[in-house]
Amino acid sequence: QVQLVESGGGLVQPGGSLRLSCAASASISTFNAMGWYRQAPGKQREMVAGISSAGSTNYVNSVQGRFTISRDNAKNTVSLQMNSLHPAHTAVYYCYARPYSPFDSDKYWGQGTPVPVSS
């Protein structure tokens, strides 16, 4: 079982920034993609950002330009830099890693890290 451990979450004020990290117990070069989902209170879980093994990135439109996903293969870590946060970004953020599979549902998951955005 692959283990994903998130860190960096916590309370942040509106307008502030936060950097989330996800450390994998396996070489991240073996995954087709890694990234982040989030689940806001009362809402469905949604994909926030992803990065493929080739370096291609995807973002949900609402975070385009303010969130940046990056990968450090040497440290087996994927990070999410979040800038200009506002209360609508409040959610539990989950790291994922997808092995080679034709099914998007086939993923490993971190335990989640809360990001409350509040004054």
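Here, every reference points to the structure presented above.
Read on for a plain summary of the structure.

Procedures and definitions
- Residues numbered from 1 in each chain as written.
- Predicted model: local features only at pLDDT ≥ 70, side-chain atom pairs only at ≥ 80, totals over all residues.
- Heavy atoms only, no water.
- Salt bridge = Lys/Arg side-chain N within 4 Å of Asp/Glu carboxyl O.
- Disulfide = S-S within 2.5 Å.
- Helix = DSSP H or I, 4+ residues; strand = E, 2+ residues; numbered from the N terminus.
- Core = buried A, V, L, I, M, F, W, Y, C linked by side-chain atoms within 4.5 Å.
- Buried < 20%, exposed > 50% of the residue type's maximum accessible area, 1.4 Å probe, protein only.
- Contact = heavy atoms within 4.5 Å.
- Pairing = 2+ DSSP bridges.
- Axes fitted to C-alpha atoms, helices over the stretch in contact; angles between N-to-C directions.
- Polar contact = N/O pair within 3.5 Å; in protein donor to acceptor, adjacent residues only side chain to side chain.

Time to look at the pattern of salt bridges. Under the criterion given, the structure shown has one salt bridge. E46 is the partner of R38 in a salt bridge, and the nearest nitrogen-oxygen pair spans 2.9 Å.

Applying the stated criterion across every chain, the model contains one disulfide. One disulfide in the model links C22 with C95; its S-S distance is 2.0 Å. Disulfide C22-C95: the torsion about the S-S bond is -80 degrees, which places it as left-handed. One end of the pair, C22, is in strand 2 (residues 18-24); the other, C95, is in strand 8 (residues 91-98), and 73 residues separate them in sequence.

Before going further, it helps to spend a moment on the nonpolar core. The biggest cluster of nonpolar side chains holds 29 residues, and the ones touching the most others in it are M34, W36, L80, M82 and Y93. Listing elements by their share of this core, those giving two or more residues are strand 2, strand 3 (33-39), strand 4 (46-52), strand 6 (67-72), strand 7 (77-82) and strand 8. When near neighbours in sequence (up to four residues on either side) are disregarded, L80 contacts L18, R19, L20, W36, V48, A49, F67, T68, I69 and Y93.

Across the sheet, which stays open at both edges, the four strands sit in the order 1-2-7-6 with antiparallel pairing between neighbours. Edge strands, defined here as strands with exactly one partner in the open sheet, are strand 1 (4-7) and strand 6. Between one strand and the next, the sheet's axes are offset by a mean angle of 15 degrees, whatever the strand orientation. The pairing of strand 2 with strand 7 spans six bridges and is classified as antiparallel. Looking across to strand 7, one finds that C22 is bridged to V78.

Along the polypeptide, V115 turns up in strand 10 (residues 113-115). Classification of V115 by relative accessible area gives buried; the value is 1%. Excluding residues that lie within four positions of it along the chain, V115 makes contacts with G9, G10, V12, L18, L20, M82, H89, T90, A91 and Y93.

Let us look at the side chain of S79. Mapped onto the fold, S79 is located in strand 7. Looking at S79, its side chain comes within polar contact range of the side chain of S21, at 3.4 Å. S79 has contacts with R19, L20, S21, W36, T68, I69 and S70, leaving out every residue within four places of it along the chain.

These figures capture arrangement, not role.
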